[in-house]
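# Results of the structural survey
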Amino acid sequence: TLHDGQIQASLVEVTPSKDPKTPPPPSTLVFGHTFTDHMLSIPWRADSGWGTPKIQPYAPLPLSPSATVFHYAHCLFEGLKAYREPSGKVTLFRPDMNMKRMNTSAERVAMPTFNGDAVIELMKQLIRLDKHWIPEEPGYSLYIRPTMIGTQPALGIAPPKEALLFVICSPVGPYYPQGFKPVALYGTTEYTRASHGGIGAYKLGANYAAGVAAQKAAALQGYVQNLWLHGPQHHITEVGTMNAFVAFKRDNGVTELVTPPLDGIILPGVTRDSVLALARDHAAGVLKIPELTDKLVVSERPVTMIEVKAAAQLGELVEFFGVGTAAVVSPVDRIGYLGEDLHIPTGPDGMGPLSRPLWKYLTGIQTGAIVHPWSVDV
Ligand code: COI
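Just so you know, these numbers come straight off a predicted model, no measurement behind them.

## What to know about the site of the ligand
Taken together, the residues surrounding the ligand are Gly-79, Tyr-208, Thr-241, Met-242, Gly-324, Thr-325, Ala-326 and Ala-327. Split into classes, the residues belonging to the shell around the ligand amount to four nonpolar, four polar and no charged.

See the structure below:
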């Protein structure tokens, strides 16, 4: 079909930068503000498919002001991280998941699909070239941002006949400016992040543009991030740009770990999937996550703010946290809901009895301290 196309990684043309920069000290990094020396780009045309991949110096893109990305939001992206071990070994975390999702996003906005393996191979080449940009400090990594935009200069609403897939890299530390601390959320009921049949389950730029006003409103009320509450029953859907997890005390010393199901209005997060898989393996006894002492049941089910509020009042709320690639695990200590503040338990270090061991185990895999097939050599 028009959209099927194979990217040929072996044809890549590499132009090293003549003016490489010195990476700044990691402690000065603001999330997503610093970029490495190189980028990857692969053009696509409907008549000829994917063109020659290029790794070249990071630079502005030449685009027509009529390019469809500027008018109709033909823009989709991914986020994944590369880690550098003390030995110098560099790894990526589950890049296949990002490539799969990127193709799903592309289909949703009638943009070209591609063979993810080739882009993984090309990203590895890019990362190897900029390897010295990956901070080694715990909690730091290289955030990789694959992006696809519609570049055809045309104002008619149609699938763009020209597109560009590019990848840029940014050395990062904590996602939130206040560091790795619990955050206060503002329960958003006046805006909707997603609707059934809409685009909320896809990683499209348009989702994020529509979310910024809600985030700004939360900030004006003195909260760090907003909590998306969907529909008349205030279903918990996402925490800003992260998936949401809630833990409840159940009978017989059991803790229920809950996240909303992928029912069409939830972004299928890679960290979400990873936390679910680890927690389920632990619950089933096939994996022993150190320090995770609670007896667990793991549920993908709808959960409302009314349920969370009732549990908080009964002392049955164990914890509440967001998960995403950027922040990994982000505990919550307070939720503003209909004019009241709900206090959420957190441990002395800000994390809880589930989030702490899960975060430790997950970051152990990501940084190579725990050997696991999710971590892929670069
Ligand atoms: C996440 O990793 O949580 C994201 O959604 C990426 C964010 C920078 C938009």
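## Examining the nonpolar core
Val-246 and Leu-358 are the most contacted members of the largest nonpolar core, which has 101 residues in total. Sequence-distant contacts of Leu-358, that is, excluding residues within four places in its chain, are made with Val-275, Leu-278, Ala-279, Ile-289 and Val-329.

## Description of unusual backbone geometry
Located in the positive-phi region is Ala-73, a residue other than glycine, with phi close to 60°. You can call Ala-73 partly exposed: it has 18 C-beta atoms within 10 Å. In this structure, Leu-338 takes a positive phi of about 50° despite not being glycine. Along the chain, the position of Leu-338 falls in the loop between β17 (328-337) and β18 (340-343). Given 11 C-beta atoms within a 10 Å radius, Leu-338 is considered exposed.

## Some details on helix α3 (residues 116-129)
Here α3 is 14 residues long and its end C-alpha atoms lie 20 Å apart, about the 20 Å a rise of 1.5 Å per residue gives. Buried residues of α3: Ala-118, Val-119, Leu-122, Met-123, Leu-126 and Ile-127, and no others.

## Description of the UniProt feature "modified residue: N6-(pyridoxal phosphate)lysine" (unreviewed entry) in the chain
Feature annotation in UniProt places "modified residue: N6-(pyridoxal phosphate)lysine" (unreviewed entry) on Lys-203, given in this structure's numbering. Inspection of the secondary structure assignment puts Lys-203 in the loop between β10 (183-188) and α4 (205-220). With 22 C-beta atoms packed within 10 Å, Lys-203 lands in the buried category. Beyond its immediate stretch of four places on either side in the chain, Lys-203 contacts Leu-76, Phe-77, Glu-78, Arg-101, Ser-105 and Leu-267.

## Remarks on the packing of helix α2 (residues 95-108) against α3
Axis separation between α2 and α3 bottoms out at 9 Å; the angle between their running directions is 125°. Relative to α3, the element α2 is oriented oblique. Crossing of α2 over α3 shows right-handed handedness. Note on element contacts: α3 touches α2 through Gly-116, Val-119, Ile-120 and Met-123, opposite Pro-95, Asp-96, Met-99, Lys-100 and Asn-103.

## Some remarks on the pairing of β10
In terms of burial, β10 is largely enclosed, as five of its six residues are buried. Bridge analysis of β10 against β17 gives four bridges, and the strand direction is parallel. What sits directly across from Leu-185, in β17, is Ile-335. As paired strands, β10 and strand β11 (residues 225-230) are joined by four bridges and run parallel to one another. For Thr-188, the partnering residue across the bridge sits in β11 and is Trp-228. As for the winding sense of the linkage, the β-α-β connection from β10 through α4 to β11 is right-handed.

## Some points on the pairing of strand β9 (residues 162-172)
Two elements, strand β2 (residues 38-45) and β9, share six bridges in a ladder whose sense is antiparallel. Along β9, the bridge assignment pairs Leu-40 with Val-167. In the sheet, strand β8 (residues 141-150) pairs with β9 via ten bridges, with the strands oriented antiparallel. By the bridge assignment for β9, Gly-150 is matched with Ala-163.

## A closer look at the packing of helix α5 (residues 270-284) against helix α7 (residues 355-366)
With their axes 11 Å apart at the nearest point, α5 and α7 run at an angle of 110° to one another. Judged on the interaxial angle alone, α7 and α5 are roughly perpendicular. Our pair here, α5 against α7, has a crossing hand that is right-handed. Here α5 contributes Ser-274, Val-275, Leu-278 and Ala-279 to the contact with α7, which in turn contributes Leu-358, Tyr-361 and Leu-362. For the contact of α5 with α7, the residue count by class is six nonpolar, one polar and no charged.

The rules we used
- Residues numbered from 1 in each chain as written.
- Predicted model: local features only at pLDDT ≥ 70, side-chain atom pairs only at ≥ 80, totals over all residues.
- Near = placed C-beta within 6 Å.
- Nonpolar A, V, L, I, M, F, W, Y, C, P; charged D, E, K, R; others polar.
- Core = buried A, V, L, I, M, F, W, Y, C linked by C-beta atoms within 7 Å.
- Buried ≥ 20, exposed ≤ 12 C-beta atoms within 10 Å, placed from the backbone.
- Contact = placed C-beta atoms within 7 Å.
- Helix = DSSP H or I, 4+ residues; strand = E, 2+ residues; numbered from the N terminus.
- Expected span 1.5 Å × (residues − 1).
- UniProt positions renumbered as here; feature names shortened; annotations may be inferred.
- Axes fitted to C-alpha atoms, helices over the stretch in contact; angles between N-to-C directions.
- Parallel < 35°, antiparallel > 145°, perpendicular 65-115°, else oblique.
- Left-handed = near helix turned anticlockwise from the far one by under 90°.
- Pairing = 2+ DSSP bridges.
- Right-handed = clockwise from strand over helix to strand, strands pointing away.

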